[in-house]
Amino acid sequence: MPEEIVRIASKPGIKRDGTRFEGENYVDGRWVRFQRSLPRKISGYRSINKYILGLARALHEYTSNGLTYVHAGSAALLERFYIDNNNNTSLVTDRTPSTIIASSYNMWQFTADHATTGDLLLIAQVAPNLQYISNNADGQLFYGDLFGTAALVELTQAGGELPAGYSLTGGVVSLNPYSFFFGDAGYVAWSVAGDPTDYVSSGSGSANITAQKIVAALPLRGGPGTSPSGLFWSLDSLMRASFSGGATIFQFDTISSQTSILSSNSVIEYDGIFYWAGVDRFLMFNGVVQEVPNDLNLNFFFDNLNWEQRQKVFVTKVPRFGEIWWCFPFGSSTEPNWAVIYNVREKTWYDTPLPEDGRSAGTYSAVFRKPLMAGVEPRNYIATVVAIAAAGTGYTVGDVLQATGGNTIVPVEITVDAVSGGGVITAVTLTNAGSALTPPSSPVTMSGGTGTAATMTITYAQPYSFWVHETGLNAVDGVTQQPIQSYFETAEISMPVQKQINKALQVLMVEPDFVQSGDLTMQVRGRANARAPEVNDETKTIVETPTTPDEQVVYLKTQRRELRFYFESNAIDGDYQMGMVLAHLQPGDGTVIG
């Protein structure tokens, strides 16, 4: 067999299940996606807010007049900020209802609906569902101006807004002009049309539509005429609600009584088709319930999922590239630190680790265009509340005082707002939250200003970052930019398989063809047989802009009986899209044992 020129390409997707030798898809990859069946680097991400005090378990976004309003629900907080078109954010506002039952197991669901005044309302449901998806206790329902900053207000049976015997452990959904909440034992309740704060007056109603708890719901297109319709996922069935009018108002039918759902936040709509993760497979509904075929990483996902943290699995999407991302806690991780990705255009699957130890929640805005995700990695301590412990003497209004002690990077600063006789401090404002690896213990001695002996009681917290993805090429956190490692590895090329000739393959030369920013590196990898040890060749560089003929190609003298090609980008502003990369191959020797 003379020298042969072959294209370096495998089938799109990354194969994790089965053996490495028996597949035709790429065998490994990180931060890589597939477009036109070819690998390309996933874009970068940027932290746009560093002061989210709660570890978010759900996000809600709404864009109006050039601003995207984000609400983040955590164990004991509901926080709100907005993002402009340049990724600048407002200050974070605490909108936590005063009556919330705080719990480390709290999970949130959100929807938006119109009030009787025509104003948009945020409807928020919370329940301690994080430990058990089947939790049947302590759900609460709140509402407030979607664009406002005031704390949300609770709806209750005692207040005359909720019916007797209600269950609020599941979540909320808007099937305009009706709002629904749902919970244990298949319970659903709908509001008066056009009033999401009234579930008891004429036009409202409730029903138990199945036996198991309902945990998720989404609007459904295609109700009779323009009437509202929706899908409701219980723990073991999929139900449909359709507006019927008359005394019943809604009718319900069972689409499937033999289905499952992995987590409350694992359902997403993509172009009118609904996708979700079940407890043992991925499913879709496009008129009927079907399994989403997955012979690449089905076992990888379910075997490596931390089942004790199943409720933390969440789904988001990147329509630009046809992707649905299920983010999940991998192995012993307690937070979602990995994603399996279904590409609806390529009809294939791949996966990637998530950056900075993971993401806790995500959402996608059709107007904002970029995926938004909440981080899980606590940042340095900042001050959140300051109170006067010892008022001192001799201070002047306008004095700026700094906290001392602790392992401090940026000291906390407070401004004196008012003093009484003798310069005794009576009021202060926190003007710089500071940054500390280890905060000082209260009472904290203050330095600076015109007086002496003031100490403060300072409450510290470790906030979390909020990230916008699919932006730029790097990992950007404030003024710090880091390269993002992205790589892929082809399927095995083997003469015994492709040519039925028991010889190794020798690589003489590779002709790179990439849309490329920054240098890439490549390796030839392989082994003598499926049970032999892996042997990696030396790393070669594919320069961004060749200046000599020798830099236009990569020369090699490598042979493997089972041979793979590995390509990597790990440079600031690094990027690539693979084209028609060619390899010059010829028969090697007949080595079988490594």
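Presented here is an overview of the structure given in this document. Each chain has its residues counted from 1, following the order in which its sequence is written. Predicted model: local features are reported for residues with pLDDT of at least 70 only, side-chain atom pairs are reported and counted for 80 or more only, and whole-chain, interface and lining totals are derived from all residues. Each side-chain value is derived from all of the structure's non-hydrogen atoms; neither hydrogens nor water enter the calculation.

## Some details on the overall build of the protein chain
And then number 1: Only DSSP runs of H or I reaching four residues or more are called helices, and only runs of E reaching two or more are called strands; each is numbered from the N terminus. Within the protein chain, the secondary structure is distributed over two helices and 54 strands.
And then number 2: Seen through its C-alpha atoms, the protein chain measures out along the principal axes to roughly 95 × 75 × 40 Å.
And then number 3: Accessibility here uses a 1.4 Å probe with only protein chains present; expressed as a share of the type maximum, an area under 20% marks a residue as buried, one over 50% as exposed, and anything in between as partly exposed. Counting across all 594 residues of the protein chain, residues that qualify as buried make up 54%.
And then number 4: What makes two residues a contact is simply this: any of their non-hydrogen atoms within 4.5 Å. Counted over contacts in the protein chain with a minimum sequence separation of 6, partners at least 24 positions apart contribute 60%.

## Quick notes on the pattern of salt bridges
Two side chains that carry opposite charge are able to pair once their charged atoms sit near each other.
And then number 1: For this document, the term salt bridge refers to a Lys or Arg side-chain nitrogen within 4 Å of an Asp or Glu carboxyl oxygen. Inspection of the entire model under this criterion finds 23 salt bridges.
And then number 2: The salt bridge involving Asp-351 is made with Arg-16; its shortest N-O contact spans 2.8 Å. Highlighted residues: Asp-351 in strand S31 (residues 348-353) and Arg-16 in the loop between strand S2 (11-14) and strand S3 (25-26), separated in sequence by 335 residues.
And then number 3: The exposure class of Asp-351 is buried, given its relative accessible area of 0%.
And then number 4: Residue Arg-16 is classed as partly exposed on the basis of its relative accessible area of 23%.
And then number 5: With its nearest N and O atoms 3.5 Å apart, the salt bridge here joins Glu-538 to Lys-540.
And then number 6: Judged by relative accessible area, Glu-538 falls into the exposed class, the value being 51%.

## Comments concerning a nonpolar patch on the surface
And then number 1: Nonpolar side chains collect at one region of the surface, where Ile-409, Val-410 and Leu-437 lie side by side and expose about 250 Å² of accessible area between them.
And then number 2: The residue Leu-437 is located in strand S39 (residues 435-438) in this model.
And then number 3: By relative accessible area, Leu-437 is classed as partly exposed at 45%. Without a salt bridge and with relative accessible area above 30%, a residue can belong to a patch; like charges are then joined within 9 Å and nonpolar side chains (Val, Leu, Ile, Met, Phe, Trp, Tyr) within 5 Å. The accessible surface values rely on the Shrake-Rupley method and a 1.4 Å probe; as for residues, cover is taken only from the protein chains in view.

## Focus: the side chain of Ser-260
And then number 1: Positionally, Ser-260 belongs in the loop between strand S23 (249-256) and strand S24 (267-270).
And then number 2: Once you skip the residues sitting within four places of it in the chain, Ser-260 turns out to touch Leu-235, Trp-276, Ala-277, Gly-278, Val-279, Asp-280 and Leu-283.

## A closer look at unusual backbone geometry
And then number 1: Geometrically, the link from Asn-176 to Pro-177 is a cis peptide bond, its omega value of 10 degrees lying close to zero.
And then number 2: Along the chain, the position of Pro-177 falls in the loop between strand S16 (171-175) and strand S17 (178-182).
And then number 3: Ser-442 connects to Pro-443 through a cis peptide bond whose omega is 0 degrees.
And then number 4: Along the chain, Pro-443 falls in the loop between S39 and strand S40 (444-447).
And then number 5: The phi angle at Asp-271 is positive, at roughly 50 degrees, despite the residue not being glycine.
And then number 6: Its place among the elements puts Asp-271 in the loop between S24 and strand S25 (273-277).
And then number 7: With a phi angle near 70 degrees, Asp-357 is a residue other than glycine that sits in the positive phi range.

## Quick look at a negative patch on the surface
And then number 1: Residues Asp-519, Glu-544, Asp-550 and Glu-551 make up a contiguous surface patch of negative charge.
And then number 2: As for its placement among the helices and strands, Asp-550 is situated in the loop between strand S50 (540-542) and strand S51 (554-560).
And then number 3: You can call Asp-550 exposed: its relative accessible area is 52%. His is not counted here, nor are the chain ends, while Lys and Arg score as positive and Asp and Glu score as negative. Charge positions are represented by NZ for Lys, CZ for Arg, CG for Asp and CD for Glu.

## Quick word on the side chain of Asn-297
And then number 1: Within the secondary structure, Asn-297 is located in the loop between strand S27 (289-291) and helix H1 (298-304).
And then number 2: According to the relative accessible area criterion, Asn-297 is buried, its value standing at 0%.
And then number 3: Reaching out from Asn-297, the side chain makes a polar contact with the side chain of Asn-294 at a distance of 2.8 Å.
And then number 4: Among residues more than four places away in sequence, those in contact with Asn-297 are Arg-16, Asp-17, Val-340, Trp-349, Tyr-350 and Asp-351. Any N or O atom pair separated by 3.5 Å or less is treated as a polar contact, with the protein-specific requirement of one donor-capable and one acceptor-capable atom, and with residues adjacent in sequence counted only for side-chain atom pairs.

## Some details on the nonpolar core
And then number 1: Here, nonpolar core means buried Ala, Val, Leu, Ile, Met, Phe, Trp, Tyr and Cys residues that are tied together by side-chain atoms lying within 4.5 Å of each other. Core analysis: the largest hydrophobic core is formed by 41 residues, its most contacted members being Trp-325, Val-510, Phe-514, Met-522, Phe-565 and Phe-567.
And then number 2: Residue contacts for Phe-514: discarding those within four places in its chain leaves Phe-488, Leu-520, Ile-542, Phe-567, Tyr-576, Gln-577, Met-578, Gly-579 and Val-581.
And then number 3: Counting 24 residues, the second largest nonpolar core, distinct from the first, contains Tyr-275, Val-292, Phe-302 and Val-313.

## With respect to the packing of aromatic side chains
And then number 1: Only Phe, Tyr and Trp rings are paired, with Trp represented by its six-membered ring, and only when their centres lie within 6.5 Å; those with planes under 30 degrees apart are stacked, over 60 edge-to-face, the remainder tilted. What the rule picks out here adds up to 45 aromatic pairs.
And then number 2: A centroid spacing of 5.1 Å and a plane angle of 65 degrees characterise the contact between Phe-34 and Tyr-350, whose relative ring orientation is edge-to-face. Of this pair, Phe-34 sits in strand S5 (residues 32-35) while Tyr-350 sits in strand S31; the two residues are 316 residues apart in sequence, bridging distant segments of the chain. Take Phe-34 and Tyr-350: they sit in the same class, and that class is buried.
And then number 3: Either the NZ atom of lysine or the CZ atom of arginine qualifies as a charge over a ring when it sits within 6 Å of the ring centre and within 35 degrees of the ring normal. Taking NZ or CZ as reference, Arg-16 lies 5.5 Å from the ring centre of Phe-300, over its face.
And then number 4: In this structure, Arg-359 packs its charged tip against the face of Tyr-45, placed 5.5 Å from the ring centre.

## As for the sheet that holds strand S14 (residues 140-145)
And then number 1: Two strands qualify as a pair provided that DSSP identifies no fewer than 2 bridges between them. Taken in spatial order, the four strands line up as S12-S13-S14-S15 in an open sheet, and their pairing is antiparallel. A strand with exactly one partner marks an edge of an open sheet, and here the two such strands are strand S12 (107-114) and strand S15 (153-155). Between one strand axis and the next, the sheet turns by 30 degrees as a mean value, whatever way the strands run.
And then number 2: Where strand S13 (residues 120-127) and S14 come together, six bridges link them in antiparallel fashion. Residue pairing for S14: Gln-125 is matched across the bridge by Leu-141. Under this scheme, a helix contributes an axis fitted over its contacting stretch, all axes are lines through C-alpha atoms, and angles between N-to-C directions fall in the 0 to 180 degree range.

## Points about the environment of Gly-73
And then number 1: Relative to the elements of secondary structure, Gly-73 occurs in strand S9 (residues 67-73).
And then number 2: The class of Gly-73 is buried, set by a relative accessible area of 0%.
And then number 3: Expressed as a C-alpha distance, the spacing of Gly-73 and Phe-110, which sit 37 residues apart in the sequence, is 9.1 Å.
And then number 4: Not counting the four nearest positions on each side in its chain, Gly-73 is found in contact with Leu-55, Ala-56, Arg-57, Ala-58, Leu-78, Trp-108 and Phe-110.

## Considering the sheet that holds strand S41 (residues 455-461)
And then number 1: Pairing within the open sheet is antiparallel, and its six strands lie in the order S34-S41-S40-S35-S37-S38. Of all the strands in the sheet, the pair left with one neighbour each is strand S34 (382-390) and strand S38 (424-432). Neighbour-to-neighbour, the strand axes of this sheet turn through a mean angle of 40 degrees, independent of strand direction.
And then number 2: Looking at chain direction, strand S35 (residues 400-403) and S40 are connected through two bridges and run antiparallel. Considered in S40, the bridge of Gln-402 is made with Ser-447.

## Digging into the pairing of S5
Looking along a regular strand, one sees side chains alternate from face to face of the sheet.
And then number 1: When S5 meets strand S6 (residues 38-41), the two strands line up antiparallel, connected through four bridges. Considered in S6, the bridge of Arg-33 is made with Arg-40.
And then number 2: Hairpin connection, S5 to S6: the antiparallel pair is bridged by two residues, and Arg-36 has positive phi, about 55 degrees.

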